[in-house]
Protein chains: 4
Amino acid sequence: MLSFENDYSEGAHPALLRALAETSPIQQPGYGEDAFCQSAKEKIRAACESLDADVFFLVGGTQANQVIIDALLSGVEGVVSAVTGHVNCHEAGAIEYTGHKVIPLPQYAGKMRAADLDALLRDFYADPSHSHMAYPGAVYISHPTEYGTLYTLDELKALRAVCDAWKLPLFLDGARLGYGLMSDGSDVTLPDIARLCDVFYIGGTKVGALCGEAVVFPRHGAPARFDTHIKQHGAMLAKGRLLGVQFNALFTDGLYFSISRHAIEMAGVLKRGLLERGCRFFLDSPTNQQFVILDNGFMERLAAEARFSFWGPYDASHSVVRLATSWATAEAQVRAFLDIWDRLA
Amino acid sequence: MLSFENDYSEGAHPALLRALAETSPIQQPGYGEDAFCQSAKEKIRAACESLDADVFFLVGGTQANQVIIDALLSGVEGVVSAVTGHVNCHEAGAIEYTGHKVIPLPQYAGKMRAADLDALLRDFYADPSHSHMAYPGAVYISHPTEYGTLYTLDELKALRAVCDAWKLPLFLDGARLGYGLMSDGSDVTLPDIARLCDVFYIGGTKVGALCGEAVVFPRHGAPARFDTHIKQHGAMLAKGRLLGVQFNALFTDGLYFSISRHAIEMAGVLKRGLLERGCRFFLDSPTNQQFVILDNGFMERLAAEARFSFWGPYDASHSVVRLATSWATAEAQVRAFLDIWDRLA
Amino acid sequence: MLSFENDYSEGAHPALLRALAETSPIQQPGYGEDAFCQSAKEKIRAACESLDADVFFLVGGTQANQVIIDALLSGVEGVVSAVTGHVNCHEAGAIEYTGHKVIPLPQYAGKMRAADLDALLRDFYADPSHSHMAYPGAVYISHPTEYGTLYTLDELKALRAVCDAWKLPLFLDGARLGYGLMSDGSDVTLPDIARLCDVFYIGGTKVGALCGEAVVFPRHGAPARFDTHIKQHGAMLAKGRLLGVQFNALFTDGLYFSISRHAIEMAGVLKRGLLERGCRFFLDSPTNQQFVILDNGFMERLAAEARFSFWGPYDASHSVVRLATSWATAEAQVRAFLDIWDRLA
Amino acid sequence: MLSFENDYSEGAHPALLRALAETSPIQQPGYGEDAFCQSAKEKIRAACESLDADVFFLVGGTQANQVIIDALLSGVEGVVSAVTGHVNCHEAGAIEYTGHKVIPLPQYAGKMRAADLDALLRDFYADPSHSHMAYPGAVYISHPTEYGTLYTLDELKALRAVCDAWKLPLFLDGARLGYGLMSDGSDVTLPDIARLCDVFYIGGTKVGALCGEAVVFPRHGAPARFDTHIKQHGAMLAKGRLLGVQFNALFTDGLYFSISRHAIEMAGVLKRGLLERGCRFFLDSPTNQQFVILDNGFMERLAAEARFSFWGPYDASHSVVRLATSWATAEAQVRAFLDIWDRLA
């Protein structure tokens, strides 16, 4: 069945599958010491304009969030996140599992405000009992957010300024980073992110790879023994090449950016098509995730012919659903979906 | 350079790469709910003659050991392992990281003895202060062991009997299970293991896959909410199909077994060649890992022309090294290695 | 300086100190196996009208919360608490440190509403992605709350009913339980609590003891190997008698209740005195903690002559402060405080 | 019944109980901010000849070991201990519970050898796979050991030298420190320990206090936010004065040393009495714990009239038992025990 359920419904971009097949017979050392990982790291450093960055490859987003946050924090520290942050909601308590509190801040279309962060820190250190509380030890943001929204360059700079003032590392979860960077609504570049964040990752799983997230610590900023942290979390691949080969392909000839751009364009086709049909949007997302409000009856009829994600109730008779395009979405699929819509409407 | 360093030096068996490419465009649900995972699980259940088994796919061995052991144990329990067990040595404290002690027992060529296990438990409960100690809560064995050796069926039955007597789950780490099952030295079958163990995994990473371990809990024996344990450890793939497709291919037409058998045959060619050349073996391994004793000078010359693993010093002038064959080893590679040997000897 | 800063400003009630001195030369086994602990447990069971209760003694409140919650929950579960719950705010992330998320609910004068709890659980299990979330595994309430307020019997029954419906244990933090039970505003008895909760503790530290909390699991309800959980958390006293002797004295001749009642009466004198002086109250607390709103200038002058706790800003020119009476408060101290007030007002 | 079972069978030294009673009415701040703690810290700094030491008070030994080791180590580090170290045996996996491996070394009468420690570290860093292992991050020794034995000053210096060479903190568990310092067999002083260790504690629980261990980090060496670590482990007393008052009394007029000396003298009386009776000793302990070998039949008869600790089987017909004297042991009790012995022999 036609699916706009998420951006990981297909396998991988053909170029990556081809690279995996072609390189397969070549004997290489394990644990990320292979030549493909080295090559991919160089290409990523260049794309980030951060030639001294430490780059690591991890398998998935929750894993990356867990390993990075745990390595950033001391035992008595927690991580600050918008209340809707993925680490606070849909990772089965993975951060708490490693001993750290997620300290929630209000969200605005999925985003954290620098002023809220600053106020939290000011209140924390003003409270005479703060040594009886988990210390804010790092800041987690997602970009695009869980609602498909984007920080502006000014917003990122403001967060950076607060982090500087309070000496906190800023961590950006870029599970869907390509879709943010290639959005018409973005004024943020990859080098901007490398300049403003202490650590971020470039999502592969949702942008054309079978799996994989490229973790970047600009300015040789990796925590000590980060490779052992990876191993200890069971997150180190014996065949690190699986990730190296894929990211090497994604960062060859701008593939990561072109396939991301394609998803944005498909989201545009979908969005315009839905607007023309009078569909209401839950919020204005400039990326590949679109949140729309459907009448419950219509939603059920639609669900019988196409897959999408139920996001939550909107009111007594309406729901919010998410439609996601991806690098793999064909324009014909979008048209087919709109045809179904028309037929059912 | 020619490498016998390990059994994960190449990518994946061509049949798996082909299956990944062919299935790639097919849209499927995420998180292991895809049709490929379901198909692979059925085939694994059949191969285990355990139709009611709970089957899960994880990415790697340390991850599997960590998630399984953590889910098996209560907070005050530890896991019993031979002192050489992978979980006790080379997983960066991954078990302790999740809060559990590894309780060591003596090893005999990498194996644990049932009598030692029974004595440990008897002593533990005889000690009036045992409630001030970590409770033995599960038993971990590897098969083949870290030394390539195998438990006999009688040895496995004896461990099972002790586990039954003390009501402990028996967990078998089968990261190299194929190489054990297809060894001439094995009298243990996959259904035997499913009958005698509470949980085990069928290693894919070292037997032809890019990554992946198939975790089997016979008799619907999975701990409650095991999928959430997986998620919480950052071990759940968004594209679970990556593992499903590969295991589906491995368990089609006996591929897992035939490629495992090939590695055993290549180990045989290597072993016979080395024996003919008067090479001393550190121990008698019936599987794809061979441990030999080399003169240090010779070892260095050899290392300049072929890769292998340094295992440790043997005496002042000799070392133990490991040579591993795999599903990917060509007989020509073994011959080439022996030629190098002859030239250098 | 005269202090109403908290209810743990003095050492211990003289009867407890006397009992410690008198019993000191008597040789007893360690780790809570002593005769004093046994006697105290019997008296507590009788006071709770729960003769089959499992009773344990722990040293302090954060420790009790941590050990109990950790023992109640499986690895993938979190604990539900009002957002103002002590475990969510002022325990330095002690719950998260043991791997468990604190799942917050709205608070109403420090209390959780049964309807909110029910809605949380309904939403949780209705969410198709709930297996990617920390499971609600227990419910934490404090009584009196952090704001000195009390659950009514009907409110407790309503929470119990929700817990029954969803099969969740209900845990009541009674760090100040005596002050709740003896409040004129309470319709809840100790046997009510034993009947309605799965576990609770009777606070000693804040009610006359040097230290100590009596943890009660009615109906033989202690988690397996709870003593080992205690030991593992570093929470087991070699000289368990320190706690046994004190609780034995507290539950002899109703001392726990009479000294608690005294604190309530002193709070009444204080409250009436402040009301007569036109003092505004932040909320209406029926127990020994009183929260009042002070002009910032007046607050500073007062702070120079008497100790109290700053609770937070109220508006630009006012603050909320807490005044606590205790078992040790003399009426003369309350009068002296009111005299200072009059002099400064 | 007469008991030599351990050194915590009584309550507390009368001077401590008196101090607790006398200071009880004095209002003081909580959480160790009281005047008694401050006074006790000054006296301890003076006794250690370490005026810039950071001093904290914790409740018990397992708690102290857990909090200290967890605060010393990063997430990927373990602690090195003799295999018989308390942290490796009788703390219910408390160290592993906080995520850290205990890395065992051989023991010699309970002691670790500097040469073994150095060899461990050399081998660790020589192993090319050491980044896949838990890093040795601190060294734990007990003094007196679990067998009552003592490090010589030269042995301590040798351990210090290895720790310096590998930049590891040296942690000395002094749960019975007084009995070591006052032993005729000791050439180590408290200032020596403060000079040679990065952290140690002065045991109170087993040396006259109801509870309490004074943790000393010489040279302002406490880990950052150590008070929050204490709070997070549930180890912070609301009434910190309980520990401050006791340690203040113990370090007034040399009480800690004189009562420790008394226990040593009583151990001497016991030891000489047993030697005269031909009793065999399991090892030669110069402190208050004596380990003797008893015929099993005799042991059972003795156990019917006096308490002692069973330590383990010696051979088929003999056992090792521990007899402990303490600050509270009266010479008449030793004589009475020897009389029982004579009667039963």
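Residues numbered from 1 in each chain as written. Chains lettered and ligands numbered in written order. Predicted model: local features only at pLDDT ≥ 70, side-chain atom pairs only at ≥ 80, totals over all residues.

## With respect to the pairing of strand S8 (residues 213-217) of chain D
Residue and element names in this part refer to chain D. Selection criterion: Counting other C-beta atoms within 10 Å of each residue's C-beta, where C-beta atoms are placed from the backbone, gives the exposure class: buried for 20 or more, exposed for 12 or fewer, partly exposed between. The way it works is that DSSP assigns letters per residue, a run of H or I at least four long becomes a helix, a run of E at least two long becomes a strand, and they are numbered from the N terminus. Note: two strands are recorded as paired if DSSP finds a minimum of 2 bridges between them.
By the criterion of burial, S8 is predominantly enclosed, with five of the five residues buried. Residues Glu-213, Val-215 and Phe-217 point to one face of S8 and Ala-214 and Val-216 to the other, with burial holding for every one of them. Direction of pairing for strand S2 (residues 54-58) relative to S8: antiparallel, over a ladder of five bridges. Each bridged residue has a counterpart across the sheet, and for Asp-54 the counterpart in S8 is Phe-217.

## Details of the interface of chain A and chain B
Frequently, the measure chosen for interface size is the accessible area removed from exposure when the parts meet. Short version of the rule: Residues are scored as being in contact if the C-beta atoms we place from backbone atoms lie within 7 Å.
The interface of chain A with chain B comprises 40 residues on the first partner and 40 residues on the second. Put simply, the parts of the chain that give the side of chain A that touches chain B at least two residues each are helix H1 (14-23), helix H3 (61-72), helix H5 (94-97), helix H10 (226-232) and helix H11 (241-250) of chain A. If one sorts the elements of the side of chain A that touches chain B by residue count, H1 of chain A sits on top with four residues.

## Examining the relation of the copies chain B and chain C
Note that the two copies of the chain are related through a rotation about an axis and a translation along the same axis. Our working definition: In superposing the copies, a least-squares fit is computed on C-alpha atoms, taking residues whose pLDDT is at least 70 in both.
Under the fitted operation, chain B is carried onto chain C by 0.0 Å of movement along the axis and a turn of 180 degrees, and the coordinates agree to an RMSD of 0.0 Å. Both chain copies can therefore be described as sitting about a two-fold axis. Counting the interface residues of chain B, we find that 100% of their copies in chain C are interface residues as well, pointing to one common contact surface.

## Structural notes on the packing of helix H2 (residues 35-48) of chain C against helix H11 (residues 241-250) of chain C
Residue and element names in this part refer to chain C. Which entries qualify depends on this criterion: Each axis is a line fitted through C-alpha atoms, and for a helix only the stretch in contact is used; angles between axes span 0 to 180 degrees, taken between their N-to-C directions. Small angles under 35 degrees read as roughly parallel and large ones over 145 as roughly antiparallel, with 65 to 115 read as roughly perpendicular and the rest as oblique. Throughout, a crossing is termed right-handed when the near helix is turned clockwise from the far one, and left-handed when it is turned anticlockwise from it by less than a right angle. Each residue receives one of three labels: charged for Asp, Glu, Lys and Arg, nonpolar for Ala, Val, Leu, Ile, Met, Phe, Trp, Tyr, Cys and Pro, and polar for the others, Gly being one of them.
Orientation of H2 relative to H11, taken along the N-to-C sense of each, is 40 degrees, at an axis distance of 7 Å. Between H2 and H11, the crossing angle belongs to the class labelled oblique. Where H2 crosses over H11, the handedness of that crossing is left-handed. Residues Phe-36, Cys-37, Ser-39, Ala-40, Lys-43 and Ile-44 of H2 form the contact with H11, whose own contacting residues are Arg-241, Leu-243, Gly-244, Val-245, Phe-247 and Asn-248. Across the contact of H2 with H11, the residue classes tally to seven nonpolar, three polar and two charged.

## Describing helix H6 (residues 114-126) of chain D
Residues and elements named next belong to chain D. The condition is simple: Expected span, for any helix, means 1.5 Å times one less than how many residues it has. Note that the arc is computed from the directions linking the helix axis to the C-beta atoms.
End to end, H6 covers 18 Å across 13 residues, agreeing with the expected 18 Å (1.5 Å per residue, within 8%). The set of residues buried in H6 consists of Ala-114, Leu-117 and Leu-120. Viewed end-on, H6 has its buried residues packed into an arc of 125 degrees, placing them on one side of the element. Exposed residues pointing more than 90 degrees away from the buried face of H6 are listed as Ala-115, Asp-123 and Ala-126. In this structure, the buried residues of H6 make contact with strand S3 (77-82), strand S4 (102-105), strand S5 (135-142) and helix H7 (153-166).

## Regarding the interface of chain B and chain C
Opposite the 12 residues of chain B that make contact, chain C presents 12 residues. Looking at the side of chain B that touches chain C element by element, the count peaks at five residues for helix H10 (residues 226-232) of chain B. Within the side of chain B that touches chain C, the residues separate by chemical class into two nonpolar, six polar and four charged.

## A closer look at the sheet that holds strand S10 (residues 309-315) of chain C
All names here are of chain C. With antiparallel pairing, the four strands of this open sheet are ordered in space as S8-S9-S11-S10. Edge strands, defined here as strands with exactly one partner in the open sheet, are strand S8 (280-281) and S10. Pairing of strand S9 (residues 289-295) with strand S11 (residues 318-324) involves seven bridges; the strand directions are antiparallel. Paired with Gln-290 across the two strands is Leu-323, which belongs to S11. Contacts between helix H13 (residues 296-303) and the sheet are confined to S9 and S11, with S9 contributing the most and set at about 120 degrees to the helix.

## A few points about the relation of the copies chain A and chain B
Note on the copies: chain A fits chain B at an RMSD of 0.0 Å, the axial shift is 0.0 Å, and the rotation between them is 180 degrees. When the interface residues of chain A are mapped onto chain B, 100% of them are again interface residues, pointing to one common binding face.

## Looking at the confidence of the model for chain A
Here is the rule: Confidence of the predictor at the level of single residues is given by pLDDT, which spans 0 to 100.
Averaged over every residue, the pLDDT of chain A is 97; the share at 70 or more is 100%. With pTM at 0.97, the complex prediction returns an ipTM value of 0.97.

## Digging into unusual backbone geometry
Omega for the bond connecting His-143 of chain A with Pro-144 of chain A falls within 30 degrees of zero, at -10 degrees, which places this linkage in the cis form. You can see Pro-144 of chain A is positioned in the loop between strand S4 (135-142) and helix H7 (153-166). The phi dihedral of Ala-109 of chain D is positive, around 50 degrees, even though this residue is not glycine. Tracing the chain through its elements places Ala-109 of chain D in the loop between S4 and H6. Its identity is not glycine, yet His-220 of chain D carries a phi of approximately 50 degrees, on the positive side. Here His-220 of chain D lies in the loop between S8 and helix H10 (226-232).

## Topic: the nonpolar core
The nonpolar side chains of soluble globular proteins are, as a tendency, buried together. Quick reminder of the rule: A set of buried Ala, Val, Leu, Ile, Met, Phe, Trp, Tyr and Cys residues, joined to one another through C-beta atoms within 7 Å, is what we call a nonpolar core.
With 467 residues, the main nonpolar core has Val-216 of chain A, Val-216 of chain B, Val-216 of chain C together with Val-216 of chain D as its most contacted residues. Ignoring anything within four residues of it in the chain, the contact list for Val-216 of chain D reads Ile-44, Cys-48, Ala-53, Val-55, Ala-194, Val-199, Phe-200, Tyr-201 and Ile-202 of chain D.

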